[in-house]
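# Notes for the structure review
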Amino acid sequence: RMIRAALLCMALALPAAAGEVPDPGEVIDRAMQRSAEDDLEGSYEALAEGLQAARNAGDLAPDWGIVFAMMADAVRNLRENPAYALMLAEEGLAVVAPNAAEAQDVIAILNVSRSYALADLGRTAEAAAVGRMAEPQLRAAMGDKIADDYLVEIAAWEKGSATVESGVSPMGLARRS
């Protein structure tokens, strides 16, 4: 068992061979296709495999920012792991940072994912502050309906409430476990 685990760790640490690193757009397309087929687990796997391949190859170009945001949301909603979702959103922000001037919409989307993870961790004041900063760019990129719904979430966080959208709150997770 230990040898198998060590071999798996070494295999994951090796860079992917040329041609094995998927294009972030292809990863998103594959995940969206599976999601459209109501295969949320398959969508999650497509994101996870694509992101892992890019990490293994050391190819974390700013184009991967949306994949990080989608993965953060999937981890938070499907795996109910807001701590890991927060780490993914923050890693995505770091990946996008070198191209920040051209990637304001991606930064906003990553900050939206980050705010939901913060709220689910019970850090509602911080979530609301991050959300207020991201909302204008989210509105410009995604439209009034999505931004207005997001403002409802932010208002709940400002009152210290859990996330309305998913209900993955620290107390809810504690009760289930």
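Residues numbered from 1 in each chain as written. Predicted model: local features only at pLDDT ≥ 70, side-chain atom pairs only at ≥ 80, totals over all residues. Heavy atoms only, no water.

### Let's talk about the overall build of the chain
Going by this rule: Under the DSSP-based scheme used, a helix requires at least four consecutive residues in state H or I and a strand at least two consecutive residues in state E, with every element numbered from the N terminus. Working definition: with a 1.4 Å probe on protein chains only, accessible area under 20% of the residue-type maximum means buried, over 50% means exposed, and in between means partly exposed. Two residues form a contact once any of their heavy atoms are found within 4.5 Å. The method behind every accessible area is Shrake-Rupley, applied with a 1.4 Å probe, and residues are considered shielded solely by the protein chains displayed.
When its secondary structure is counted, the chain shows 9 helices and 0 strands. Listed N to C, the secondary structure of the chain is α-α-α-α-α-α-α-α-α in terms of helices and strands. Scored against the burial criterion, the 177 residues of the chain give a buried share of 38%. When contacts within the chain are restricted to residue pairs at least 6 apart in sequence, long-range pairs at least 24 apart make up 59% of them. Total accessible area computed for the chain in this model is approximately 9,500 Å², and 57% of it derives from carbon and sulfur atoms.

### Focus: the pattern of salt bridges
Our working definition: Whenever a carboxyl oxygen of Asp or Glu lies within 4 Å of a side-chain nitrogen of Lys or Arg, that contact is scored as a salt bridge.
Applying the stated criterion across every chain, the model contains 11 salt bridges. Here Arg79 and Glu41 are joined by a salt bridge, their closest N and O atoms 3.0 Å apart. You can see Arg79 sitting in the loop between helix H4 (65–78) and helix H5 (82–96) and its partner Glu41 sitting in helix H3 (residues 40–57), a full 38 residues away along the chain. For Glu41, a relative accessible area of 39% gives the class partly exposed. One continuous salt-bridge network, built from bridges that share partners, spans Glu135, Arg139, Asp144 and Asp148.

### Remarks on the confidence of the model for the chain
The test is simple: What pLDDT conveys is the predictor's confidence in a given residue, as a value from 0 to 100.
In this model, the chain carries an average pLDDT of 84, and 81% of its residues clear a pLDDT of 70 or more. Long-range and interchain partners of residues 1–18, a stretch whose pLDDT sits below 50, account for 8 contacts in this model, where long-range means more than four residues apart.

### Quick look at the nonpolar core
Definition in use: Joining through side-chain atoms within 4.5 Å is the link that ties buried Ala, Val, Leu, Ile, Met, Phe, Trp, Tyr and Cys residues into a set, and such a set is a nonpolar core.
Core analysis: the largest hydrophobic core is formed by 41 residues, its most contacted members being Leu47, Tyr150 and Trp157. Sorting the residues of this core by element identifies helix H2 (24–36), H3, H4, H5, helix H6 (104–120), helix H7 (124–142) and helix H8 (144–158) as the ones contributing at least two each. Leave out the neighbours within four places in its chain, and Tyr150 touches Asn111, Val112, Ser115, Tyr116, Gly131, Ala134, Glu135, Leu138 and Trp157.

### A few points about the side chain of Asn111
Which entries qualify depends on this criterion: Polar contact is defined as a pair of N or O atoms within 3.5 Å, subject to the rule that within protein one atom must be able to donate a hydrogen and the other to accept it, and that residues adjacent in sequence are counted only when both atoms are side-chain atoms.
Looking at where Asn111 falls in the secondary structure, it is placed in helix H6. A polar atom in the side chain of Asn111 sits 3.2 Å from the side chain of Arg114. Not counting the four nearest positions on each side in its chain, Asn111 is found in contact with Leu93, Val130, Ala134 and Tyr150.

### What to know about H4
Applicable threshold: By this rule, a helix spans an expected 1.5 Å times one less than how many residues it contains.
Given a rise of 1.5 Å per residue, 14 residues ought to cover 20 Å, and the 20 Å separating the end C-alpha atoms of H4 matches this to within 8%. With 10 of its 14 residues buried, H4 lies for the most part within the structure. If you check which residues of H4 are buried, you get Gly65, Val67, Phe68, Ala69, Met70, Met71, Ala72, Ala74, Val75 and Arg76. Check the buried side of H4 and you find it contacts H2, H3, H5 and H6. Following H4 by one or two positions, Glu80 has its phi on the positive side, about 50°.

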